[in-house]
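An overview of the molecular structure
In case you want the letters, here they are:
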Amino acid sequence: MIILHHGWRSSASRRVRLCLAEKGLAYEGHVVDMAAMEHHSSEYLRINPLGVIPTLIHDGRPLHESGTICEYLDETFPASPLRPDTPYERAEMRNWIRHIDGLIGNLIIFNWRHHLAKTAAQWSDQELAEKLKNIPSKERQEAWLRAARKPYTEEERDAARAKLVVLLDKMEEAMKPSGWLVGKAYSIADIAAAPFVKRIDEEIAPDEMTEKKHPRVAAWWTRLQARPAYAQANFGPFVDS
């Protein structure tokens, strides 16, 4: 049995849902309310001591980190493979996952200013201090503190936007041979990039997602969104209504 603890707007959760959909795997989903800090509750920390989402539980054993989860699913359920055939290309795939993961702080600057920042801003100083005690990661403590008390400036958003546009530049170059990030086929590398590109296209830098600026990435994004698994993964809109 597969159980997924996830968030609808979480980029890492979107990756895993997309992987599950591509593999045609059924699962029991449990939505974690990040605004209510459910991912830092004692119950959740028992299955994921890092206090982040998603967490996948297969046959009673928990797994963390979306890239690791996707590789585990592909290795455990080999039908509809999502990893390249050669060791070198699989290594390239993992490098892409790590590179993209390293940019998550730049995405948080944009993502958390919506419903999470609105919720955190309402906490008293005492409430905020108590909530921060339960967050294992100092990086995430800082992110929550910024969301609650020190909103990111336009200059900080510009810097984060520029780094995410560089990701599009790197993707554009990598896609020259085949239109995919690694090798000749769609892989977990493409799945890893999809939630980031969605946010760039949706709000962060939509002007960069054009045939003029990044034609290969734009064509890739159109193909990826047309895959049946994309709709099944329920990416949904990010921006608050």
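Up top you'll find the structure we're talking about.
Residues numbered from 1 in each chain as written. Predicted model: local features only at pLDDT ≥ 70, side-chain atom pairs only at ≥ 80, totals over all residues. Heavy atoms only, no water.

Our next topic: the packing of helix 9 (residues 154-174) against helix 10 (residues 188-204). Where helix 9 meets helix 10, the closest approach of the two axes is 11 Å, and the angle between their N-to-C directions is 125°. With respect to each other, helix 9 and helix 10 are oriented oblique. Note on packing geometry: the crossing formed by helix 9 with helix 10 is left-handed. Residues Arg161, Leu164, Leu167, Leu168 and Met171 of helix 9 form the contact with helix 10, whose participating residues are Ala193, Phe196, Val197, Ile200 and Ile204. A per-class count over the contact of helix 9 with helix 10 returns nine nonpolar, no polar and one charged. (Axes fitted to C-alpha atoms, helices over the stretch in contact; angles between N-to-C directions. Helix = DSSP H or I, 4+ residues; strand = E, 2+ residues; numbered from the N terminus. Parallel < 35°, antiparallel > 145°, perpendicular 65-115°, else oblique. Left-handed = near helix turned anticlockwise from the far one by under 90°. Contact = heavy atoms within 4.5 Å. Nonpolar A, V, L, I, M, F, W, Y, C, P; charged D, E, K, R; others polar.)

Below, the discussion takes up the layout of surface pockets. If you add up the space inside the largest pocket, you get close to 780 Å³. Among the secondary structure elements, those contributing two or more residues to the lining of the largest pocket are helix 1 (11-23), helix 5 (104-111), helix 6 (115-120) and helix 8 (138-149). Considered class by class, the residues forming the lining of the largest pocket number 17 nonpolar, seven polar and seven charged. Its volume calculated, the second largest pocket comes out at about 160 Å³. What lines the second largest pocket is Pro81, Leu82, Arg83, Pro84, Asp85, Glu89, Val182, Gly183, Lys184, Ala185, Tyr186 and Ser187. When grouped by side-chain class, the residues that make up the lining of the second largest pocket number six nonpolar, two polar and four charged. (1 Å grid on protein atoms, 1.4 Å probe; cavity = no way out; pocket = protein on both sides within 12 Å on 5 of 7 lines; lining within 4 Å. Points joined across faces, edges and corners; volume = space filled by probe spheres on them.)

What follows deals with the side chain of His214. As for its position among the elements, His214 is in the loop between helix 10 and helix 11 (215-226). We classify His214 as buried; its relative accessible area is 2%. Not counting residues within four places of it along the chain, the set of residues in contact with His214 comprises Val165, Leu168, Asp169, Glu172 and Glu208. (Buried < 20%, exposed > 50% of the residue type's maximum accessible area, 1.4 Å probe, protein only.)

Time to look at the packing of aromatic side chains. Considering all chains together, one arrives at five aromatic pairs under this definition. The interplanar angle of 90° and the centroid separation of 5.8 Å between the aromatic rings of Trp221 and Tyr230 together place this pair among those described as edge-to-face. The same class applies to Trp221 and to Tyr230, which are both buried. Following the ring pairs from residue to residue traces out a cluster consisting of Trp220, Trp221, Tyr230 and Phe235. Of note, Arg223 hangs over the ring of Trp180, and the distance from its end group to the ring centre comes to 4.4 Å. Sitting above the plane of the Tyr186 ring, Arg227 keeps its charged end 3.8 Å from the centroid. (Phe/Tyr/Trp six-rings, centres within 6.5 Å; stacked < 30°, edge-to-face > 60°. Lys NZ or Arg CZ within 6 Å of the ring centre and 35° of its normal.)

Nothing here speaks to function; it is geometry throughout.
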